[in-house]
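Descriptive analysis of the structure
Listed here are the chains, written in short residue letters.
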Amino acid sequence: MKPSQPEIERAVELLRTGGVVAFPTETVYGLGADAENADAVRRVYAIKGRPPGHPVIVHVADAEQLDVWAREIPQSARTLAQRFWPGPLTFVLKRTPRASDMLTGGQDTVAVRAPSHPIAQEILRRFGGGVIAPSANRFGTVSATRAEHVAADLGSAVDLIVDGGPTTIGIESTIVDLTRDAPAILRPGAITREQLAAALGTPVRESGDSAVRVPGSLPSHYAPRARIVLADDDRQGAVLACALETSGRRFRLIGSEDVEKFARELYDRLREADREGAEAIVVVLPPPTGLGIAVRDRLMRAAGAKPNEGSVRPRE
Ligand code: TXA
Ligand code: MG
């Protein structure tokens, strides 16, 4: 699907005048606003229902804009930008004064990413400045990978939804913290730790012990309404499904085939299961390699997000 030229122009005009525009990136849809317009940024937080203090990613057209938002940029950022930008990779760097507290959650760091989606690229190039674009879903729910998801979640609160069809990657960008001695992944994504390490020629740490705040790592993130039941392989998935079937529960079984297709369709399937009123979603986890690491990360969070609800384990 390709939006018309006037629609892209309208998106840019809206951004210039403080509007809020949802647009596709290669990972998920973003809820865009001028990063330097405090009112527009506030509106994005309000529309998402996102608590203040949660930092957002500043989206830019290319690596030339890095210096606008970040200072003391290490060589590692230049190398990774050269290799992976535009693409599904976000850097956390020390901020310049242009990155206000509202964007950074009051931290001295800023997250920056240049998305590769042609529509995102065109909007960013024409707009010229930085655009905040948190995932275009209500806070705490599954990200939007289709324009219809954005419409269902946020609908008329948004000034414009640019429909670019389903996104190609389907899960959010890799976030790498480059402010410390060793690069550390704060959120796994399509660009893997191995790819980053190979490009840099140095080890890259997995997330976990960082003092930086990544609210995306709260367990309540990425969760559908239905309880997620994880299976390690097809066989276990079938056993769990069978037990749910026997107990008369409404459920959905999501198998893990090709991991790229799985990631691309995951959020749509979770949303679909919710629409069907499923009580449980049995998901067969992909192996923990490559993109599978990011997919497992989101699923574990989704599965761990309902600590206070009654269990729908089979046979109870
Ligand atoms: O793929 C993506 O990154 C999508 C598309 C639309 O670009 N955007 C996205 O944005 O996932 P959002 O706001 O849903 O998630 C941004 C994540 C949050 O977990 C936030 O905590 C983290 O980035 N983040 C932002 N600024 C940060 C900072 N200065 N330090 C550490 N984490 C930061
Ligand atoms: Mg999000």
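Observations regarding the domain arrangement of the chain
What the domain assignment reports for the chain is domain 1 (5-206) and domain 2 (227-302). With 21 residues of domain 1 at the contact, the number on the domain 2 side is 13 residues. Taken together, both faces of the contact between domain 1 and domain 2 bury some 1,400 Å²; the carbon and sulfur share is 57%. Of all residues in domain 1, Val142, Ile171 and Pro188 give up the largest surface area on contact with domain 2, accounting jointly for 38% of the area buried on that side.

Section: the nonpolar core
Membership of the largest hydrophobic core comes to 45 residues, with the highest contact counts inside it found for Leu31, Trp69, Leu80, Trp85, Leu89, Phe91 and Leu196. Listed by contribution, the elements that provide at least two residues to this core are β2 (29-34), α2 (38-48), α3 (66-69), α4 (75-84), β5 (89-95), β6 (109-113), α7 (147-154) and α8 (193-200). Among the elements that line this core, the one with the most residues is α2, at five residues. Not counting chain neighbours up to four residues away, the residues in contact with leucine 89 comprise Leu80, Phe84, Val112, Arg113, Ser173, Thr174, Val176, Ile191 and Leu196. Counting 23 residues, the second largest nonpolar core, distinct from the first, contains Val28, Ile228, Phe262 and Tyr267.

Quick word on the packing of α4 against α8
Two elements in contact, α4 and α8, have axes whose closest approach is 10 Å; the angle formed by their N-to-C orientations is 115 degrees. Between α4 and α8 lies a crossing of right-handed hand. For the pair formed by α4 and α8, the contact residues are Ser76, Thr79, Leu80, Arg83 and Phe84 on the first element and Gln195, Leu196, Ala199 and Leu200 on the second. A per-class count over the contact of α4 with α8 returns five nonpolar, three polar and one charged.

Side note on unusual backbone geometry
The omega angle of the peptide bond from tryptophan 85 to proline 86 is -10 degrees, so this bond is cis rather than trans. Here proline 86 shows up in the loop between α4 and β5. Of note, glutamate 72 is a non-glycine position whose phi angle comes to about 50 degrees, a positive value. Note on placement: glutamate 72 falls in the loop between β4 (70-71) and α4.

Focus: the packing of helix α1 (residues 5-16) against helix α6 (residues 118-127)
Taken N-terminus to C-terminus, the directions of α1 and α6 make an angle of 50 degrees; their axes are 9 Å apart at the nearest point. Compared by their axis directions, α1 and α6 come out oblique. Taken as a pair, α1 and α6 cross one another with a handedness that is right-handed. Only Ile119, Glu122, Ile123, Arg126 and Phe127 of α6 make contact with α1, whose side of the interface consists of Gln5, Ile8, Glu9, Ala11, Val12, Leu15 and Arg16. The residue makeup of the contact of α1 with α6, split by class, is seven nonpolar, one polar and four charged.

With respect to the pairing of β2
Looking along a regular strand, one sees the side chains alternate between the two faces of the sheet. When you tally the buried positions in β2, you get six out of six residues, the bulk of the element. Across four bridges, the pairing between strand β1 (residues 21-24) and β2 is antiparallel. Bridge pairing in β2 places proline 24 opposite tyrosine 29. Adjacent in sequence and paired antiparallel, β1 and β2 are bridged by four residues.

Some remarks on the pattern of salt bridges
Counting across every chain of the model gives 26 salt bridges. Here glutamate 9 makes a salt bridge to arginine 126, at a shortest N to O gap of 3.2 Å. One end of the pair, glutamate 9, is in helix α1; the other, arginine 126, is in helix α6, with 117 residues separating them in the sequence. What makes glutamate 9 partly exposed here is its relative accessible area of 42%.

About the criteria used
- Residues numbered from 1 in each chain as written.
- Chains lettered and ligands numbered in written order.
- Predicted model: local features only at pLDDT ≥ 70, side-chain atom pairs only at ≥ 80, totals over all residues.
- Heavy atoms only, no water.
- Domains from an automatic or database assignment.
- Contact = heavy atoms within 4.5 Å.
- Buried area = accessible area lost by both parts, 1.4 Å probe.
- Core = buried A, V, L, I, M, F, W, Y, C linked by side-chain atoms within 4.5 Å.
- Buried < 20%, exposed > 50% of the residue type's maximum accessible area, 1.4 Å probe, protein only.
- Helix = DSSP H or I, 4+ residues; strand = E, 2+ residues; numbered from the N terminus.
- Axes fitted to C-alpha atoms, helices over the stretch in contact; angles between N-to-C directions.
- Left-handed = near helix turned anticlockwise from the far one by under 90°.
- Nonpolar A, V, L, I, M, F, W, Y, C, P; charged D, E, K, R; others polar.
- Parallel < 35°, antiparallel > 145°, perpendicular 65-115°, else oblique.
- Pairing = 2+ DSSP bridges.
- Salt bridge = Lys/Arg side-chain N within 4 Å of Asp/Glu carboxyl O.

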